[in-house]
Structure formats: structure tokens, C-alpha cells
Amino acid sequence: QFAFAWPEREVLERELLLRRRGVTSRYEVDIVRPDGSRVNALNVATPIHDAAGGLVGSIGLWTDLSPQKSLERELRTYERVANSMADMVSVIGADRRYRLVNDAWCQRAAVTREQALGQPAQVHPLQLDPRAPMVQVEDCFAAGTVVTQTTTVPLDGASRRLQTTC
């Protein structure tokens, strides 16, 4: 009872042809439900052979990716908002690693986003002493609640406020 819209129908036909040739693959398509809603789905498909090695059919495992795709769209929205801010923004996970850093953070820290993400968040890029622990962040995690702390740090020849919220 599902329908495949164009160009998904083309993808499905191409994938079925690959299965008839004995090729395993994985692909994503949008499926239109009878009520008109769309499901973004991943199919991992493989041919099935009999004992003599002849092709007798194929099997596919379908996974609904809609919740994941929705979360990815939401994340992109948050990333756009964070990158539009002139202030440095970073998100540090419970494992004390950077999960998100905005453009301003990367520029002031003189690192690329790829270099920062997943790395241990041991020091704040504005701290003068790189060995200094991230006391504010540790205090936030220790409190287990939303905490905002403000510190004054020197930056570009002036004192700037550094705010940590977790």
C-alpha cells in the first residue's frame, strides 16, 4: 500500500535490477504512505541464493529514518543560530568533549571546527594559562542543574566577560 514518488521509483527500479544481478546494497528513498505522509527510509538489501548458488530472490531490511532526519534538521537550525552569534559558543558533553563550537569560537581559538569537535574540553580558548582547568564547566556538571557563571578575561586589549552556562 506504499507508493514511491519520482525519482524514488527510479532508484527502486535500479536497486531491484542490482539485486537480480546478485549485488548487495543500501539506499535511502522517500516512501509515500496511503495517508499522504512521507517516510524517509533506509533499505539494506541482499540477494538470496539456493544451495547450488542460483539466485532465488532477495531480502531487504527497511528502517524508518524520519525521526533521525527530523533531529538532523533541528540540529542544523541550532547550528545556524549559534553561528550567527558574534559571541563564542560551545557545547560540552557529559564526557567533557566539545560537541558544538560556533564560528566565533573557532576564529578566536584559531582552530577549525573539525579540529575542535570530539576533543577534550580541558581549557577554555580564552584562558591565558592553558594548563588552567575549566573550573566553571566542572562546577556546572557538579551542580547538576542549569548554572550560569561569569568571569572577566583579557581579550584584544580589553576585559571581556566570559559566560558559562550548563
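Let me sum up the structure you'll find in this document. Everything numeric here is computed off the predicted structure, so don't read it as measured data.

**Considering a nonpolar patch on the surface**
And then number 1: A surface patch of nonpolar side chains, amounting to about 260 Å² of accessible area, comprises I48, V56 and I59.
And then number 2: Mapped onto the fold, I48 is located in strand β3 (residues 38–49).

**So, the packing of aromatic side chains**
And then number 1: Scanning the model with the defined rule gives two aromatic pairs in all.
And then number 2: Taking 6.1 Å as the distance between ring centres and 85° as the angle between the ring planes, the aromatic pair formed by Y27 and W62 counts as edge-to-face. Of this pair, Y27 sits in strand β2 (residues 25–32) while W62 sits in strand β4 (residues 55–64), and the two are 35 residues apart along the sequence.
And then number 3: The class for W62 is partly exposed, based on a relative accessible area of 38%.

**Focus on the pairing of β2**
And then number 1: Judged by how many residues are buried, β2 sits mostly within the fold: six of eight residues are covered.
And then number 2: Two strands pair when backbone bridges link them, and β2 and β3 are joined in this way by eight bridges, in the antiparallel orientation. Bridge pairing links V29 to A41 in β3.
And then number 3: As consecutive antiparallel partners, β2 and β3 are separated by five residues, and within that stretch G36 has a phi angle of approximately 95°, a positive value.

**Points about the side chain of R19**
And then number 1: Position of R19 relative to the elements: it lies in helix α1 (residues 8–20).
And then number 2: At 2.6 Å, the side chain of R19 forms a polar contact with the backbone oxygen of V23.
And then number 3: Setting aside chain neighbours within four positions, we find R19 in contact with T24, S25, Y27, A45, T46, P47, L55 and S58.

**Points about the pattern of salt bridges**
And then number 1: Overall, the coordinates contain six salt bridges when judged by the stated rule.
And then number 2: Residue E15 is joined to R19 by a salt bridge in which the shortest nitrogen-to-oxygen separation is 3.0 Å. With E15 and R19 both in helix α1, this residue pair falls four residues apart, about one helical turn.
And then number 3: Since its relative accessible area comes to 4%, R19 is described here as buried.
And then number 4: When the shortest N-O distance is used, the salt bridge between D64 and R33 registers 3.9 Å. Placement of the pair is D64 in strand β4 and R33 in the loop between β2 and β3, with a sequence separation of 31 residues.
And then number 5: Exposure remark for R33: the relative accessible area of 34% places this residue in the partly exposed category.

Rules and cut-offs
- Residues numbered from 1 in each chain as written.
- Predicted model: local features only at pLDDT ≥ 70, side-chain atom pairs only at ≥ 80, totals over all residues.
- Heavy atoms only, no water.
- Patch = residues over 30% accessible without salt bridge, like charges linked within 9 Å, V, L, I, M, F, W, Y side chains within 5 Å.
- Areas by Shrake-Rupley, 256 points an atom, 1.4 Å probe, with all protein chains shown as cover.
- Salt bridge = Lys/Arg side-chain N within 4 Å of Asp/Glu carboxyl O.
- Helix = DSSP H or I, 4+ residues; strand = E, 2+ residues; numbered from the N terminus.
- Phe/Tyr/Trp six-rings, centres within 6.5 Å; stacked < 30°, edge-to-face > 60°.
- Buried < 20%, exposed > 50% of the residue type's maximum accessible area, 1.4 Å probe, protein only.
- Pairing = 2+ DSSP bridges.
- Polar contact = N/O pair within 3.5 Å; in protein donor to acceptor, adjacent residues only side chain to side chain.
- Contact = heavy atoms within 4.5 Å.

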